[in-house]
Amino acid sequence: MKNTVILGALTIAGLSAGAAAAGTLDDVKARGKLNCGVTTGLVGFAAPDANGEWKGFDVAVCRAVAAAVLGDGSAVEFVPTTGKTRFTALASGEIDVLARNTTWTFSRDVDLKFEFTGVNYYDGQGFMVPKELGVSSAKELDGATVCIQTGTTTELNLADFFRSNNISYEPVPIETNAEAQQQYLAGACDVYTTDASGLAATRATFESPADHVLLPEIISKEPLGPLVRHGDNEWGDVVRWTLNALITAEELGVTSANLAEMAGGTNNPEINRLLGTEGTLGEMLGLSADWGKDALSVGGNYGEVFADNIGEATPIGLARGLNAQWTEGGLLYSPPFR
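Every value quoted in this text rests on a predicted model; they were computed, and no experiment measured them.

Draft legend 1. Examining the side chain of Thr154 more closely. In this structure, Thr154 sits in helix H6 (residues 153–164). Thr154 has contacts with Gln125, Ile148, Thr193, Thr194 and Asp195, leaving out every residue within four places of it along the chain.

In structure tokens form, the structure reads like this:
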């Protein structure tokens, strides 16, 4: 088993090095389209709507990158990936960036040779149970059957939590959120565990969301963010600073409503550098001067993207919490545009 794991890691690392050498930024420009890896379907984060158009919080990151590079937020091919297939898809070059509720960990960054370009959602693993189960704490789940996505940090965290609390569980392996939802609602498992945001998104799709409870325990740190391949620093910079542009725009008060006006020039030098009316940041990235404006023109700043897709006014109903700006007591903090 150890040999298999090592060989698997070496294979992904080898694929990653080969794909990165090609120069992803040039490839995307030549292709005229961004290939973005997303989940197979998680409402609010990444899922096709009734017309087959992909929508969601992670989807918005993909569209912002496409707009920054190509000037067109619709120039994206969305590639659904599972917990098992996502890393191979990125390492092989099938996708240019992975924006799929993926946790930044040491081994994924170092051993699998990927580069996380920032955090777009600070999360933690939680538990959902039917209200009729009468459970108020995850520590009461001794002997429970648990639906768990394979190939995820969730799987490892679950084992750690039950072992440290000296309780047992029976795993019910699943590969996609849709499968987990089906199995959970059918009673094949007592509990569904994944990132708390994912549980909220899943519960929002139920016919009777109030019949299901999110338990109070958060058992892990899950910093979620987009990632690219090691060794392609130019492309990593593009994805990183596109995400930073969304975050900084909110901090500086640049919104969908005032974007056009502010793009004409302001008395704030950082806003001017962000929107390309001052300085040469676009040139440094190998992009047009107004790449930041283009990125923001798709779905607005970070706060707007959050509110529109997963915020408190949506069926998912997530509060900003840790994902508030640093000026509001949260963890969102972008390096300066200078």
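Draft legend 2. Structural context of the pairing of strand E11 (residues 191–195). When you tally the buried positions in E11, you get 5 out of 5 residues, the bulk of the element. Where strand E8 (residues 125–130) and E11 come together, 4 bridges link them in antiparallel fashion. For Met128, the partnering residue across the bridge sits in E11 and is Tyr192. Examined bridge by bridge, strand E9 (residues 144–149) and E11 share 2 bridges and lie parallel to one another.

Draft legend 3. Seen up close, the state of the cysteines. Within the structure shown, the criterion is met by 2 disulfides. Each sulfur in the disulfide pair Cys36 and Cys62 lies 2.0 Å from the other. One quick way to see it: the torsion about the S-S bond of Cys36 and Cys62 is about -55°, and its sign makes the bridge left-handed. Here Cys62 lies in helix H3 (residues 57–70) and Cys36 lies in strand E1 (residues 34–39), a separation of 26 residues in the sequence. Taken individually, Cys36 and Cys62 each receive the classification buried, so the pair is uniform in this respect. A sulfur-sulfur separation of 2.1 Å characterises the disulfide bridge that pairs Cys147 with Cys189. Between Cys147 and Cys189, the S-S torsion sits near -95°, and that sign places the bridge as left-handed. One end of the pair, Cys147, is in strand E9; the other, Cys189, is in the loop between helix H7 (177–185) and E11, and 42 residues separate them in sequence. Taken in sequence order, the bonded cysteines of the chain link in the pattern 1-2, 3-4.

Draft legend 4. Looking closely at the sheet that holds E11. Spatially, E10-E9-E11-E8-E12 is the arrangement adopted by the 5 strands of the open sheet, whose pairing is mixed. Looking at the sheet topology across the chains shown, the edges are occupied by strand E10 (169–174) and strand E12 (212–214). If you compare each strand with its neighbour and ignore which way they point, the axes differ by 30° on average. One ladder, built from 6 bridges, connects E9 with E10; its direction is parallel. When the bridges of E10 are listed, Ile148 appears paired with Pro173. Lying over the sheet, H6 contacts E8, E9, E10 and E11, oriented at roughly 80° with respect to E8. Lying on the sheet, H7 is in contact with E8, E9, E10, E11 and E12; it crosses E10 at an angle near 135°.

Parameters at a glance
- Residues numbered from 1 in each chain as written.
- Predicted model: local features only at pLDDT ≥ 70, side-chain atom pairs only at ≥ 80, totals over all residues.
- Heavy atoms only, no water.
- Helix = DSSP H or I, 4+ residues; strand = E, 2+ residues; numbered from the N terminus.
- Contact = heavy atoms within 4.5 Å.
- Buried < 20%, exposed > 50% of the residue type's maximum accessible area, 1.4 Å probe, protein only.
- Pairing = 2+ DSSP bridges.
- Disulfide = S-S within 2.5 Å.
- Axes fitted to C-alpha atoms, helices over the stretch in contact; angles between N-to-C directions.

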